[in-house]
Amino acid sequence: MDIFEKLRSGTDVDMATPEYIEAITYMTHCSLLCFKINTTEPTPEKIRPLEEELLDNHLDATSYLMPPLQIDFARQMKIGRKVFVNHSLTCMAAGGITIDDGVMIGPNVRIVTDNHDFANRMVLRCKPVHICRNVWIGVGVIILPGVTIGENAVIAAGAVVTKDVVPNTIVGGNPAKLIKTI
């Protein structure tokens with residue numbers, strides 16, 4: 001199992017080991033591509049090829065990411081069809097992020113898949129995030145490790161999502177709680 005599979009599987013990873021150097025090298029590669037994306041004239045013909053390179057050519061033609069953005073482990077992400085991501089997305093994607101078809105993500109959203117062991121903070125503990133079909137995520141939302149957001153859910157602006165969200169619901173607040181069923 002390579003370092004990326006370990007991170008995605010939730011296996012504890014010690015950042016002080018030589019094997020983690022490959023992860024740091026890849027994060028640097030992603031950071032450089034994000035810098036290019038974020039400093040390039042924001043036209044589709046100039047931005048799109050850079051975003052496709054960042055995502056290893058796995059960005060569907062019907063999906064759109066608006067810069068600026070910051071993604072540290074882009075190879076750990078899967079983005080479906082007809083996804084719209086507004087500006088200033090930050091993804092700490094070491095543990096894996098899946099964004100299904102039809103998802104809309106507002107500005108300044110942060111999706112986090114990794115955390116540290118309390119006893120040894122050099123140890124990473126990752127849990128994947130899954131955003132199911134037709135989810136709408138409002139401005140400034142934070143989604144924490146291990147969360148699944150169910151189909152057709154709406155996440156209100158500024159929510160901090162710490163637990164799974166049931167399909168067809170609206171949640172909001174810190175921590176996010178049920179507002180109503182759709």
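So, here is what we can say about the structure in this document. These numbers come from a predicted model, not from an experiment.

Right, let's get into the overall build of the chain. Each helix and strand in the chain was counted, giving three helices and 19 strands. On the principal axes, the C-alpha backbone points of the chain span a range of 50 × 45 × 25 Å. Of all 182 residues assigned to the chain, the portion counted as buried reaches 43%. At a minimum sequence separation of 6, the contacts of the chain that also span at least 24 residues come to 29%. When the accessible surface of the chain is split by element, carbon and sulfur atoms take 58% of a total near 9100 Å².

Moving on, we come to the pairing of strand β18 (residues 169-172). Successive side chains on a regular strand alternate, one facing one side of the sheet and the next facing the other. With two bridges connecting them, strand β16 (residues 154-155) and β18 associate as parallel partners. Note on β18: the bridge partner recorded for Val-154 is Ile-170. By the bridge criterion, four bridges tie β18 to strand β19 (residues 177-181) in an arrangement that is antiparallel. Pairing of Ile-170 across the sheet is with Lys-180, part of β19.

The rules behind each value
- Residues numbered from 1 in each chain as written.
- Predicted model: local features only at pLDDT ≥ 70, side-chain atom pairs only at ≥ 80, totals over all residues.
- Heavy atoms only, no water.
- Helix = DSSP H or I, 4+ residues; strand = E, 2+ residues; numbered from the N terminus.
- Buried < 20%, exposed > 50% of the residue type's maximum accessible area, 1.4 Å probe, protein only.
- Contact = heavy atoms within 4.5 Å.
- Areas by Shrake-Rupley, 256 points an atom, 1.4 Å probe, with all protein chains shown as cover.
- Pairing = 2+ DSSP bridges.

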